[in-house]
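Below, each chain spelled out in residue letters.
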Amino acid sequence: MTYKVQVDDILRDATAEETAAINAVKAQDKAETKAAADKASARQAVLDRLGITADEAALLLG
Amino acid sequence: MPNEQVKVPLFAAAEILTAANMNISAGTGVPVFTNSTTRDAAFGGAGEKVLAEGQLCYLSDSNIVQYYSGAAWATVGPTSSALTFIKSQAIVAGAVTFTMSNAFSATYENYLLTAANLVISGAGDQMRVTLNGTSGSTYQSSFININFSSATITGTVAALVSTGVSMGDQTAASTQISANFYSPFLTKASAINGQQSNTTGSRIFSGVDSNAASSTAFTITMATNTFTSGTFYLYGYSIT
């Protein structure tokens, strides 16, 4: 996929090096999003096992 | 002969205009006072001009020129600012990355970047800042997102090795950003921190680039969307 990059007032196609950097950002963002979703799922699973809500858990830990 | 005077004379009809009179009025052009106390005492007394709107003066203790507005004295100059505008750049719609080149120099050590009404093409994104286009393991950053409607705080509060300093989760809504860049031009590690906000919430972010190479440019990369509109403004913090 060809990305567009803006350098000062010029909009142009990304170079190979720029494309690699953009893809690295996208990959990391995807990994972080997945990690956050996995963490949320794991947290919800624990809450479900305990039979309490997130607010109730916060009260217990607070 | 010093320029400082203690009165601003008012000449009466048929009065003899002496050399001393001329030296104190026309000689200095703008009346010069030692300080604001002698300035205030120089008007309105016997044989002195009544202070009126438009009067100018120079104060030698503070090296400033002032004018009288009719109600108060105000400083004309010289003005000094801790913050100096360097450059601005409007967004060209459609780019995944935005780079401002020739942004950093030896003139300043630290910089302020602002953007008002920045719009991106979609929600659920995260912007990352890099210096001189470098990416990789030299960056660490963390951020928190504060959601206004749900009153919740989320984010990556622990440091992470990143492809740039994250500016927090982004929405498509118009966003205001302010970010400080610390020593990007110096051959030292650099730091970037700041905040962004829009109608849905605010984000506070902070990060470092351990790469000691001097940088003259920065790049902001969108993770999933593209820039739509807005303008970035860059300022330098005075080092004197």
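This structure is a prediction, so every number in the text was calculated from the model and none was measured. (Residues numbered from 1 in each chain as written. Chains lettered and ligands numbered in written order. Predicted model: local features only at pLDDT ≥ 70, side-chain atom pairs only at ≥ 80, totals over all residues. Heavy atoms only, no water.)

K.L.:
Summarise the sheet that holds strand β1 (residues 4–7) of chain A; cite the residues concerned and give the values.
P.N.:
What the six strands build is an open sheet, ordered β2(A)-β1(A)-β6(B)-β16(B)-β8(B)-β12(B); its pairing is mixed. If you trace the sheet from one side to the other, it starts and ends with β2 (10–13) of chain A together with β12 (165–170) of chain B, each paired once. If you compare each strand with its neighbour and ignore which way they point, the axes differ by 20° on average. Bridge count for β1 of chain A against β2 of chain A is four bridges, and the pairing is antiparallel. When the bridges of β2 of chain A are listed, lysine 4 of chain A appears paired with aspartate 13 of chain A. Sheet contacts for helix α1 (residues 16–50) of chain A: β1 and β2 of chain A together with β6 (97–100), β8 (125–131) and β16 (218–222) of chain B; angle to β8 of chain B, the most-contacted strand, approximately 135°. (Pairing = 2+ DSSP bridges. Helix = DSSP H or I, 4+ residues; strand = E, 2+ residues; numbered from the N terminus. Axes fitted to C-alpha atoms, helices over the stretch in contact; angles between N-to-C directions. Contact = heavy atoms within 4.5 Å.)

K.L.:
Got a sec to walk through the interface of chain A and chain B? Specific residues and values, please.
P.N.:
Listed by partner, the interface residues are 16 residues for chain A and 25 residues for chain B. Together chain A and chain B conceal approximately 1,700 Å² of surface at their shared face, both sides included; 49% is due to carbon and sulfur atoms. Sorting the residues of chain A by area buried against chain B places Gln6, Asp8 and Val25 of chain A first, and these three jointly supply 37% of that buried surface. Applying the counting rule to chain A against chain B returns one salt bridge. For arginine 128 of chain B, the salt bridge goes to aspartate 29 of chain A, with nearest N and O atoms at 3.9 Å. Along the contact surface separating chain A from chain B lie 11 residue pairs in polar contact (both at pLDDT 80 or more). Those elements that place two or more of their residues in the side of chain A that touches chain B are β1 and α1 of chain A. (Buried area = accessible area lost by both parts, 1.4 Å probe. Salt bridge = Lys/Arg side-chain N within 4 Å of Asp/Glu carboxyl O. Polar contact = N/O pair within 3.5 Å; in protein donor to acceptor, adjacent residues only side chain to side chain.)

K.L.:
Can you lay out unusual backbone geometry for me, pointing to particular residues and giving the numbers?
P.N.:
Residue and element names in this part refer to chain B. With a phi angle near 70°, alanine 14 is a residue other than glycine that sits in the positive phi range. Relative to the elements of secondary structure, alanine 14 occurs in the segment before α1 (19–24). By relative accessible area, which is 83% here, alanine 14 ends up exposed. Backbone geometry at asparagine 102 places phi at a positive 50°, although glycine is not the residue there. (Buried < 20%, exposed > 50% of the residue type's maximum accessible area, 1.4 Å probe, protein only.)

K.L.:
So what about the packing of aromatic side chains? Which residues, and what values?
P.N.:
All names here are of chain B. One pass over the full model with this rule turns up 13 aromatic pairs over all chains. Taking 5.7 Å as the distance between ring centres and 65° as the angle between the ring planes, the aromatic pair formed by phenylalanine 85 and tyrosine 235 counts as edge-to-face. Placement of phenylalanine 85 in strand β5 (residues 83–90) and of tyrosine 235 in strand β17 (residues 227–237) is noted, with a sequence separation of 150 residues between them. A relative accessible area of 23% means that tyrosine 235 is categorised as partly exposed. Members of the aromatic cluster, each reached through a chain of ring pairs, are Phe98, Phe104, Tyr108, Tyr111, Phe181, Phe218, Phe227 and Phe232. (Phe/Tyr/Trp six-rings, centres within 6.5 Å; stacked < 30°, edge-to-face > 60°.)

K.L.:
Which residues make up the confidence of the model for chain B, and what values go with them?
P.N.:
Predicted confidence across chain B gives a mean pLDDT of 86, with 92% of residues reaching 70 or more. For this predicted complex, the interface confidence reaches an ipTM of 0.72, while the overall pTM sits at 0.69. (pLDDT = per-residue confidence, 0-100.)

K.L.:
Can you break down the pairing of strand β4 (residues 73–77) of chain B residue by residue, with the values?
P.N.:
Residue and element names in this part refer to chain B. Alignment of strand β3 (residues 64–68) against β4, held across four bridges, turns out to be antiparallel. Opposite tyrosine 68, over in β4, you have tryptophan 73 as the bridge partner. The loop that links β3 with its antiparallel partner β4 comprises four residues; one of these, glycine 70, has a positive phi angle of about 105°.

K.L.:
Explain the sheet that holds β3 of chain B to me, and be specific about the residues and the numbers.
P.N.:
Within a sheet, adjacent strands bond to each other through the backbone by hydrogen bonds, running parallel or antiparallel. Reading across the sheet, the four strands line up as β1-β2-β3-β4 (chain B) and stay open at both edges, with mixed pairing between neighbours. The two strands at the open ends of the sheet, each matched to only one other strand, are β1 (32–33) and β4 of chain B.

K.L.:
Give me the lowdown on the pairing of β12 of chain B, citing residues and values where you can.
P.N.:
Consecutive residues of a regular strand have side chains that alternate between opposite faces of the sheet. Residue and element names in this part refer to chain B. Burial within β12 is extensive, with five of its six residues counted as buried. In terms of strand pairing, β8 meets β12 through four bridges, oriented antiparallel. Bridge pairing in β12 links valine 129 to valine 165.

K.L.:
Could you give an account of the pattern of salt bridges, with specific residues and numbers?
P.N.:
Residues and elements named next belong to chain A. Considering all chains together, one arrives at five salt bridges over all chains under this definition. Residue lysine 4 is joined to aspartate 13 by a salt bridge in which the shortest nitrogen-to-oxygen separation is 2.8 Å. Of the residues examined, aspartate 13 reaches a relative accessible area of 40% and is grouped as partly exposed. Between aspartate 38 and lysine 34 there is a salt bridge, with its nearest N and O atoms 2.9 Å apart. Of this pair, aspartate 38 and lysine 34 both sit in helix α1, four residues apart, which is roughly one turn of the helix. The exposure class of aspartate 38 is partly exposed, given its relative accessible area of 40%. On the basis of relative accessible area, lysine 34 is assigned to the exposed category, the value being 52%.

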